[in-house]
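# Commentary on secondary and tertiary structure
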Amino acid sequence: MKAILNTKFGPPDLLQLGDVEKPVPKDNEVLIKIHATTVSTGDCNARDFTFAPKGFQLPARLFIFGITKPRINILGTELAGEIEAVGKDVKLFKVGDQIYGTPGMGMGVHAEYKCLPEDATLAIKPANLSYEEAAAVPFGAHTALFYLRDKGNIKAGQKILINGASGSIGTFAVQLAKYYEAEVTGVCSTANLEMVKSLGADKVIDYTTQDFIKSGETYDLIFDVVGKTSFSRCKGSLKQKGIFLPCIMDLKELIQILWTSMTGGKKVKGGVAIERTEDMVFIKELIETGKLKPVIDRRYPLEQTAEAFKYVEKGHKKGNVVITVEHNNKT
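Just so it is clear, the structure is predicted and the values come from calculations on it, not from any experiment.

Our next topic: the overall build of the chain. Counting its secondary structure elements, the chain contains ten helices and 15 strands. Relative to the 2.2 N^0.38 estimate, which gives 20 Å for 331 residues, the radius of gyration of the chain is 20 Å and therefore close to what a compact globule would have. Structurally, the chain occupies a C-alpha span of about 60 × 45 × 40 Å along its principal axes. For the chain, the share of sequence-separated contacts (at least 6 apart) that also reach a separation of at least 24 residues comes to 68%. Summed over all atoms, the accessible surface of the chain reaches about 15,000 Å², with 53% contributed by carbon and sulfur. Side-chain charges of the chain comprise 43 positive and 39 negative groups, with the mean position of each set lying 6 Å from the other.

What follows is the structure in structure tokens.
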């Protein structure tokens with residue numbers, strides 16, 4: 001099968017389209033014929049550890065990404081496709097099922113096929129989405145749901161500020177906050193103001209002309225998707241029991257999470273967003289009832305994945321960047 005091979009640290013041009021053995025499902029696995037995947041910030045972190053938060057670059061290199069060469073040779077954190085074969089013990093899926101999901105930390109879906117256990121984070125894809133649209137859902141939607149619902153305990157009527165409202169996580173965060181009946185302020189660049197409004201934001205702030213810290217407004221939750229502010233800067237913009245949610249965490253944020261958990265008043269909360277199948281089903285229901293939709297900025301064919309990485313690493317994508325996977329009769 002064709003796959004994008006990640007064999008050296010360095011610029012995206014080092015990614016190469018190559019041939020690898022097509023996987024065969026084990027007894028408890030499904031073989032997925034991938035029709036679409038994405039390039040996310042998670043992929044960028046894995047491809048080049050210097051893209052990761054500074055405090056985690058050394059641990060990431062030692063324990064996850066590799067020291068002299070990458071441990072993960074095929075990247076990709078989201079997929080949508082069709083079940084082509086199943087192992088003899090598989091009960092949850094059948095051949096022909098159209099699914100979407102994530103392979104987890106092992107990645108490996110910048111390719112034509114992938115085998116995953118049937119209890120991996122997979123679900124039948126939303127009926128009203130194409131494969132390309134469905135592939136753009138898991139990473140951003142799960143992360144936004146984890147922070148707003150699980151860490152922020154979002155409630156109707158609360159005032160929420162989303163710093164970085166136009167990327168994959170941010171676009172889903174705006175929509176989820178509106179689903180939970182919060183009052184939403186989205187912070188983004190000039191070019192993305194109308195798009196963020198169209199997703200349901202009650203107010204938008206152009207960070208190129210206005211610092212939300214100086215607005216005088218206070219919020220129940222501040223979700224910093226892009227890692228461009230800090231708890232110390234935002235404390236004055238939080239209500240008395242307000243929560244700061246840093247999506248990108250360094251050692252400082254970990255210490256703040258621990259410290260504020262032992263004190264009253266304003267809190268810092270965060271963690272690792274682990275995708276769960278039950279959340280995939282919940283998100284599917286929101287999409288099928290029109291409460292949630294993915295935003296796609298650009299599409300690239302599999303052979304142009306390196307170009308997709310270059311674009312994502314500029315840091316200005318709107319929503320998601322999708323990789324389409326075409327299959328010929330030989331695969």
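Looking now at a nonpolar patch on the surface. Judged by side-chain polarity, Leu 251, Leu 254 and Ile 255 come together as a nonpolar surface patch covering roughly 290 Å² of accessible area. In this fold, Leu 251 is placed in helix 8 (residues 251-261).

So, about the pairing of strand 4 (residues 79-86). Pairing between strand 3 (residues 29-38) and strand 4: seven bridges, direction antiparallel. Paired with Ile 32 across the bridge in strand 4 is Ile 83. As paired strands, strand 4 and strand 5 (residues 98-102) are joined by four bridges and run antiparallel to one another. Bridge pairing in strand 5 places Ala 80 opposite Tyr 100.

Generally speaking, nonpolar side chains in soluble globular proteins are found buried as a group. Ranked by internal contacts, the top residues of the largest apolar core, which has 51 residues, are Leu 148, Ile 162 and Phe 223. For this core, the leading source of residues is helix 4 (residues 138-151), giving seven residues. In contact with Ile 162, not counting residues within four places along its chain, are Gly 170, Ala 173, Val 174, Val 184, Thr 185, Gly 186, Val 187, Phe 223 and Val 225. Core analysis: the next-biggest nonpolar cluster, separate from the first, contains 30 residues, Ile 83, Leu 302, Phe 309 and Tyr 311 among them.

Along helix 10 (residues 305-312), six of the eight residues are buried, which leaves the element largely enclosed by surrounding structure. Inspection of helix 10 places Thr 305, Ala 306, Ala 308, Phe 309, Tyr 311 and Val 312 among the buried residues, and these make up the whole buried set. Contacts made by the buried residues of helix 10 are with strand 1 (2-5), helix 1 (41-47), strand 14 (296-301) and strand 15 (320-324).

Here we take up helix 8. One turn of an α-helix holds 3.6 residues; hence residues three or four places apart share an orientation. Taken together, the buried positions of helix 8 are Glu 253, Gln 256 and Thr 260. Looking down the long axis of helix 8, one finds its buried residues gathered within 55° of arc, a one-sided arrangement. In this structure, helix 8 carries Leu 251, Ile 255, Leu 258 and Trp 259 as exposed residues pointing more than 90 degrees from its buried face. Those residues of helix 8 hidden inside the fold are in contact with helix 7 (231-234), strand 12 (238-246) and strand 13 (267-268).

Moving on, we get to the packing of aromatic side chains. Applying the stated rule across the entire model yields five aromatic pairs. Summarising the aromatic geometry, the rings of Phe 146 and Tyr 147 are spaced 5.2 Å apart at their centres and angled 90° between planes, so their arrangement reads as edge-to-face. Between the aromatic rings of Tyr 179 and Phe 282, the centroid separation amounts to 6.1 Å while the plane-to-plane angle is 65°, which identifies the pairing as edge-to-face. Of this pair, Tyr 179 sits in helix 5 (residues 168-179) while Phe 282 is found in helix 9 (residues 277-288), placing the two residues 103 residues apart along the sequence.

Thresholds applied
Residues numbered from 1 in each chain as written. Predicted model: local features only at pLDDT ≥ 70, side-chain atom pairs only at ≥ 80, totals over all residues. Heavy atoms only, no water. Helix = DSSP H or I, 4+ residues; strand = E, 2+ residues; numbered from the N terminus. Rg over C-alpha atoms; globule rule 2.2 N^0.38 Å. Contact = heavy atoms within 4.5 Å. Areas by Shrake-Rupley, 256 points an atom, 1.4 Å probe, with all protein chains shown as cover. Lys, Arg positive; Asp, Glu negative; His and termini not counted. Charge placed at Lys NZ, Arg CZ, Asp CG, Glu CD. Patch = residues over 30% accessible without salt bridge, like charges linked within 9 Å, V, L, I, M, F, W, Y side chains within 5 Å. Salt bridge = Lys/Arg side-chain N within 4 Å of Asp/Glu carboxyl O. Pairing = 2+ DSSP bridges. Core = buried A, V, L, I, M, F, W, Y, C linked by side-chain atoms within 4.5 Å. Buried < 20%, exposed > 50% of the residue type's maximum accessible area, 1.4 Å probe, protein only. Arc of directions from axis to C-beta. Phe/Tyr/Trp six-rings, centres within 6.5 Å; stacked < 30°, edge-to-face > 60°.

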